[in-house]
Amino acid sequence: MEKEDTSAPRIRYADDYEAHAAHGRERHQERRLSRASSVGSLSIHGTGGTRVVDPGSALPITYRTLSIEVDEGLQKKQDDVKHAKEKGAVDLSGLEWHTMSCDELYHRLSVSVSEGLSDELIQQRVGQYGKNKMTRPPSGLLGRVTGYLFGGFGSILLAAGILVFVAWRPLGNPPAEANLALACVLLAVWGIQAAFNAWQDWSSSRVMASIGTMLPDQCTVIRHCSHSSISAMDLVPGDIIVIKAGNKLPADVRFIEASSDAMFDRAILTGESEPVPASIDATEDNYLETHNIGLQGTHCISGSCLGVCVATGDSTIFGRIAKLTNEPKVGMTPLQKEIFRFVLIISIFITVVVVVIIVIWAAWLRKSYPDWIDVPLLIVSCVSCAVAFIPEGLPIALTTSLTITANIMRKNKILCKSLKTVETLGAVSIICSDKTGTLTKNKMVVTDIYAAGEEFTPEAARDMLAVFRSEHEAKSKHSEIRFQKREDVIDQVRILGSLCNSGEFDAASMHLPLFERKINGDATDQAVLRLSESLGSVMELKKQWKKMFEVAFNSKNKFMVRLMTPVSQSSSDKHTTLMIKGAPDILLPRCSSVLDSKGDVVPLTEAQSMRIEAIKDSWSSQGKRVILLAKKNTVLPFSTNQDKEVLVAARQGLTFVGLLGIVDPPRDEIPEVVRILRGASIRIFMVTGDFKLTAQAIAEECGIISNAALVDDLGALSRYDTKEGSDRTAIVLSGPELITLNENQWDQLCQYNEIVFARTTPEQKLRIVKELQSRDNIVGMTGDGVNDAPSLKAADIGIAMGSGSDIAIEAADMVLLDSFAAIVEAVQYGRLVYDNLKKTIVYLLPAGSFSELWPVVTNVAFGIPQILSSFLMIIICCLTDCVAAITLAYEQPESDVLTRPPRRPGKDRLVDTKLIFHAYFFVGLLQCFLSFTMSFWHMQRSGVPFTALWLKFGKYDAQYDPDFIQQKANEGSSVYFVTLVVMQLFNLLATRTRRLSIFQQPPIFNKGTQNLLLFPAMVFAIVVVFIFCYIPSLQITIGTTQIPVEYWFLPAAFGVALLMLDEARKWAVRTYPQGILARIAW
């Protein structure tokens, strides 16, 4: 591993106290959670450096402003925050929520912790404080308009127009009307491009804004004595907010209850590298530094809290700071940078050509042939050549492609925080997927109960409990002394399932049937809570017990602990019941006793332990998640380090109560998704915290493991160098086994096509991502929990589910709002953006660059008339070609786009030698040669042979009238123009596909492949030709002429031949994929 791996991020968990208690709270985090990822680049180690979450996205999702070109960067914002804190110190000094007592806080805000706010107060405060959203920042209209006018190639067009104006007057002697017309056309195109940029910005903003409204923005509050889920925008000061691990604070809150392991990551606002513990009392006089205030936009990374909302919207710290700082700078995406690199290379090339032309004119032509090219003509020729050679349609095609992609993503309920994500997704070679909620439906149901040596279904347990209750009632009626209820084992399962549970029924859905009620909590807690409610009222049970202490579940502990005491118990009595729920492989070794069939506590025998293990393995192999319930009588913690005391108590002496088998079926579409992605040469690995057998069973159901008989284990990985590995198919490893792997074993492991990583911790997930990346893989990581956040940040693309935790959504680059199946569309259109841009470039280069350069070169170097006028050059590059190129952005994916391997960033460039060869020497050379041939053939038929022009530099033989030659040269220019335009129509059809035939990807009559915009673009090109060649007044001004009909049909025949030639090339590429044509195919 590289040195950086040794500083892998760690998240602090409750059981860290067991190993590091002596070091105190200072060592909660030895290393900072950060991301060195290639999200900002198409390479594994991007040049963008460390990537951290943009502060704009730290706002609650409701307030987030999305942009196609957001360049995420935290450091600048943190500097702004520091400056703003100094500038706004006076404003913050008046805040005193952190210094007042809880009772004073309740009195000031007129709220009760148990009841929450009344409807009357809520309405009053909405009117007083408004919605919980921030005022939009200034639009920056002036800057945007400047970008519209001078962005892209706008400045080049404007400069070209001004130079041509100068060539017209005052340099023109006499002023040439053609130069005036050319200058007007350039300025018109400049204005049209600016208008298009404005429309594009407006359109893309609408698309991204509509995506933003699809994101979840719920938070849990206490209102009307019960938990309710409301929109974050509806929060008002005084609301009691329930905060759990993974939540992002929707407003500024004052903590009134906090578990001992409650920790908040505040780096987004304060720059603190370590999470800070939550406290009830003030720890600092500074409002920003005290630990009893939770700041909007910060994350709860562990534990749970109860807080009172003290500020919303602009009144929050983030809102105050936002008024004093500027928006982060917008930058280019990797694909835009690559296009810029390409355009820069072309610009340098054409600059060199122009300089050479000027040098030739100044050093030779000006002296030897002073009447051949004067200064105005030189300016016009150089400007026209430069403008024509640079593909003006490319930036428009790029923004169009990205906007189209954003629209498609929105329709498929995919949120890309930045479309650079889409670009990178087209290169992903491995997707590491979490199991729960991603591959599975996240709708867990308890299907099996094991208690007192027997297995029950939930229905059988409910019936048994009903019989017990009726027996107790009968005994109570016929006896003078009230019998105490017998504590049967099933009832103990119900009690632990109800009380050792962080889930809460939403009050608004309590009237619905049990399985339709909404529960605030994770899927496992929801399943257990529904089981408990089916066995008896959870609300009534909670009224009889009170929570004294809690250690929340996390993926490292793999258990949850609560200390519960009966309400009737005297406050002087320090005895309590430790209730624990978690992974059997962690908790069973800690059990020393078991509840028997009579409800008595008896020692746990080896046979009973083996029986429990067998049940656990049996359920796990069926794909069920297994949860163990246990308890222990103990005393309340009395030391200052309560976490350690409780966790030490939970290490041993537990009483086994029962096992629960929970089913979370795979999503119906997952096997097909896995099949499609595998066909796209993308490997799908499962990375989960679940038990090994459970993970393998679900992987087999999902198709991630294709053949259970060929699954390897740790023993298949040699610790020494080996050349074997060609037959490596599938392997299943657990987190503890990963720790033992050396570099050679990782090399072997990364050769497998099917891998399941089970029982992994966040550190191990992070290690997996980094090991895969270090072996030249582009890694996508999916997840939805707090434990997934480090690996989501480290992956090249972090993909969160819309139903996931706030911190996972924050860490991810892409959010799948509906289903994991949407990732197929994301990959497909990630590749399509790249494909369509290659097509645009291949279409623009032959005519717009290559075929327009040579008339200028032959005019300067060989003394023949410029066979394509400067005016018509500009018309081709700025009108006919530009419009057609934009339509290529609307091309549908080719049917083979998901059967190709992913492209390799840094190796498969957008513009490479293969593309240049095809554009210039296959299409461009044909078009240029045929256009020259048609033009000079026409001139020869008209009485001006080619030999009369060659190396004459305007000094023609006596039998040729210069005016007559100029007239025929104008006609030849029109022929050249028509030939290029017509052949480009067929090149447009040929360029639509890279490998498929036009019959396999028809542009019409097939909804899956058609692109009907091609035909209006073709008609537009023909109309442009007629406008400039057939309107008499324009003919006189710009020097064009009507042309005979054969000069239309011959180019059409050439175009058909070009299309057929390209069809033959594609056939050879498909038929002989290892042939020479396939190897040089673009």
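Data block above holds the structure.
We now turn to the structure provided with this report.

About the criteria used
Residues numbered from 1 in each chain as written. Predicted model: local features only at pLDDT ≥ 70, side-chain atom pairs only at ≥ 80, totals over all residues. Heavy atoms only, no water. Helix = DSSP H or I, 4+ residues; strand = E, 2+ residues; numbered from the N terminus. Contact = heavy atoms within 4.5 Å. Areas by Shrake-Rupley, 256 points an atom, 1.4 Å probe, with all protein chains shown as cover. Salt bridge = Lys/Arg side-chain N within 4 Å of Asp/Glu carboxyl O. Buried < 20%, exposed > 50% of the residue type's maximum accessible area, 1.4 Å probe, protein only. Phe/Tyr/Trp six-rings, centres within 6.5 Å; stacked < 30°, edge-to-face > 60°. Lys NZ or Arg CZ within 6 Å of the ring centre and 35° of its normal. Core = buried A, V, L, I, M, F, W, Y, C linked by side-chain atoms within 4.5 Å. Pairing = 2+ DSSP bridges. Axes fitted to C-alpha atoms, helices over the stretch in contact; angles between N-to-C directions. Patch = residues over 30% accessible without salt bridge, like charges linked within 9 Å, V, L, I, M, F, W, Y side chains within 5 Å. Parallel < 35°, antiparallel > 145°, perpendicular 65-115°, else oblique. Left-handed = near helix turned anticlockwise from the far one by under 90°. Nonpolar A, V, L, I, M, F, W, Y, C, P; charged D, E, K, R; others polar.

What about the overall build of the protein chain?
Moving on, step 1. For the protein chain, the helix and strand inventory stands at 36 helices and 29 strands.
Moving on, step 2. Taking as baseline every contact in the protein chain between residues at least 6 positions apart, the subset at least 24 positions apart corresponds to 75%.
Moving on, step 3. Carbon and sulfur atoms make up 58% of the accessible area of the protein chain, which totals about 44000 Å².

Thoughts on the pattern of salt bridges
Moving on, step 1. All told, the structure shown has 39 salt bridges when counted by the stated rule.
Moving on, step 2. Across the salt bridge formed by Arg675 and Glu672, the nearest N and O atoms sit 2.4 Å from each other. Highlighted residues: Arg675 and Glu672, both in helix α22 (residues 670–679), separated by three residues, approximately one helical turn.
Moving on, step 3. Overall, the relative accessible area of 40% leaves Glu672 in the partly exposed class.
Moving on, step 4. For Arg767, the salt bridge identified is with Glu771, shortest N-O distance 2.9 Å. Of the two residues, Arg767 and Glu771 both sit in helix α26 (residues 762–773), four residues apart, roughly one turn of that helix.
Moving on, step 5. What makes Arg767 partly exposed here is its relative accessible area of 29%.
Moving on, step 6. By relative accessible area, Glu771 is classed as buried at 0%.

Some words on the packing of aromatic side chains
Moving on, step 1. According to the stated counting rule, one finds 22 aromatic pairs in the structure shown.
Moving on, step 2. Both rings, one in Trp372 and one in Phe953, keep their centres 6.2 Å apart while their planes meet at 85 degrees; by these two values the pair is edge-to-face. Placement of the pair is Trp372 in the loop between α11 (334–368) and α12 (375–389) and Phe953 in the loop between α31 (913–941) and α32 (962–991), with a sequence separation of 581 residues. Of the two residues, Trp372 and Phe953, neither departs from the other in class, the shared state being buried.
Moving on, step 3. The rings of Phe862, Phe932, Phe936, Phe946, Trp950 and Tyr976 are connected pair by pair, giving a single aromatic cluster.
Moving on, step 4. Lying across the ring of Tyr834, Arg903 places its NZ or CZ 4.1 Å from the centre.
Moving on, step 5. Across from the ring centre of Trp937, 4.7 Å away, lies the NZ or CZ of Arg941, which sits over that ring.

Quick notes on the environment of Val253
Moving on, step 1. For Val253, the position within the fold is in strand β4 (residues 252–258).
Moving on, step 2. Residue class for Val253 comes out buried when judged on its relative accessible area of 0%.
Moving on, step 3. For the pair formed by Val253 and Val308, sequence separation is 55 residues and the distance between their alpha carbons is 5.2 Å.
Moving on, step 4. Setting aside residues up to four positions removed in sequence, Val253 forms contacts with Ile241, Ile243, Asn292, Ile293, Gly294, Gly307, Val308, Cys309 and Val310.

A word on unusual backbone geometry
Moving on, step 1. A cis amide bond links Arg169 to the next residue, Pro170, at an omega of 15 degrees.
Moving on, step 2. A positive phi angle, near 70 degrees, is found at Lys558, a position not held by glycine.
Moving on, step 3. Within the secondary structure, Lys558 sits in the loop between β16 (545–551) and β17 (559–566).
Moving on, step 4. Backbone geometry places Arg759, a non-glycine residue, at a positive phi of 50 degrees.
Moving on, step 5. Taking the relative accessible area as the measure of exposure, Arg759 reaches 13% and is therefore buried.

Focus on the nonpolar core
Moving on, step 1. Judged by nonpolar contacts, the single largest core of 157 residues is most densely connected at Val387, Leu677, Leu816, Ile823, Phe871 and Phe977.
Moving on, step 2. If you tally residues by element for this core, the top one is helix α29 (residues 822–862), at 20 residues.
Moving on, step 3. Apart from residues lying up to four places away in sequence, Ile823 is in contact with Ile431, Val673, Leu677, Ile799 and Leu816.
Moving on, step 4. In terms of nonpolar packing, the next biggest core, distinct from the first, is built from 31 residues, Cys432, Phe685, Ile755 and Leu772 among them.

Things to note about the sheet that holds strand β5 (residues 263–265)
Moving on, step 1. Strand order across the open sheet formed by three strands is β6-β5-β8, with antiparallel pairing between neighbours. The sheet is open, and its two borders are formed by β6 (276–277) and β8 (299–302), each paired with just one other strand.
Moving on, step 2. Sheet analysis places β5 next to β6, joined by two bridges and oriented antiparallel. Counterpart to Phe264 in the pairing with β6 is Val276.

Quick notes on the sheet that holds strand β24 (residues 711–712)
Moving on, step 1. The nine strands lie next to each other as β10-β29-β28-β27-β11-β23-β26-β25-β24, forming an open sheet whose pairing is mixed. Where the open sheet ends on each side, the last strands, each with one partner, are β10 (414–416) and β24.
Moving on, step 2. Those strands touched by helix α23 (residues 692–702) are β23 (683–687), β24, β25 (730–734) and β26 (754–758), and its axis lies near 145 degrees from that of β26.

Quick look at the environment of Gly804
Moving on, step 1. Following the sequence through the fold, Gly804 ends up in the loop between β28 (797–801) and α28 (806–811).
Moving on, step 2. Its relative accessible area of 15% is what places Gly804 among the buried residues.
Moving on, step 3. Residues Gly804 and Thr438, 366 residues apart in the sequence, show an inter-C-alpha distance of 9.3 Å.
Moving on, step 4. Dropping the residues within four chain positions of it, Gly804 is found in contact with Asp784 and Ile809.

What to know about a nonpolar patch on the surface
Moving on, step 1. A grouping of Phe917, Phe921, Leu925, Ile1076, Leu1077 and Ile1080 is seen on the molecular surface, where their side chains present a nonpolar patch of about 570 Å² in accessible area.
Moving on, step 2. If you list the elements that add at least two residues to the nonpolar patch, you get α31 and α36 (1076–1079).
Moving on, step 3. By residue number, the principal contributor to the nonpolar patch is α31, which donates three residues.
Moving on, step 4. Within the secondary structure layout, Phe921 lies in helix α31.

Things to note about the pairing of strand β1 (residues 218–223)
Moving on, step 1. Counted residue by residue, β1 has five buried out of six residues, so it is predominantly covered.
Moving on, step 2. Pairing geometry for β1 and strand β2 (residues 226–231), over six bridges, is antiparallel. By the bridge assignment for β2, Gln218 is matched with Ser231.
Moving on, step 3. In this antiparallel pair of consecutive strands, β1 and β2, the connection spans two residues, and His224 shows a positive phi of 55 degrees.
Moving on, step 4. Judged from the three bridges that link them, β1 and strand β3 (residues 240–244) form a sheet pairing that is antiparallel. Directly across from Thr220, in β3, lies its bridge partner Val242.

Digging into the packing of helix α16 (residues 489–499) against helix α17 (residues 523–535)
Moving on, step 1. One can describe the packing of α16 onto α17 by two numbers: an axis separation of 8 Å at closest approach and a directional angle of 135 degrees. With respect to α17, the element α16 is oriented oblique. The two elements α16 and α17 meet at a crossing, and its hand is left-handed. For the pair α16 and α17, the contacting residues are Ile490, Arg494, Gly497 and Ser498 in the first and Val528, Leu529, Ser532 and Leu535 in the second.
Moving on, step 2. Considering only residue class, the contact of α16 with α17 consists of four nonpolar, three polar and one charged.

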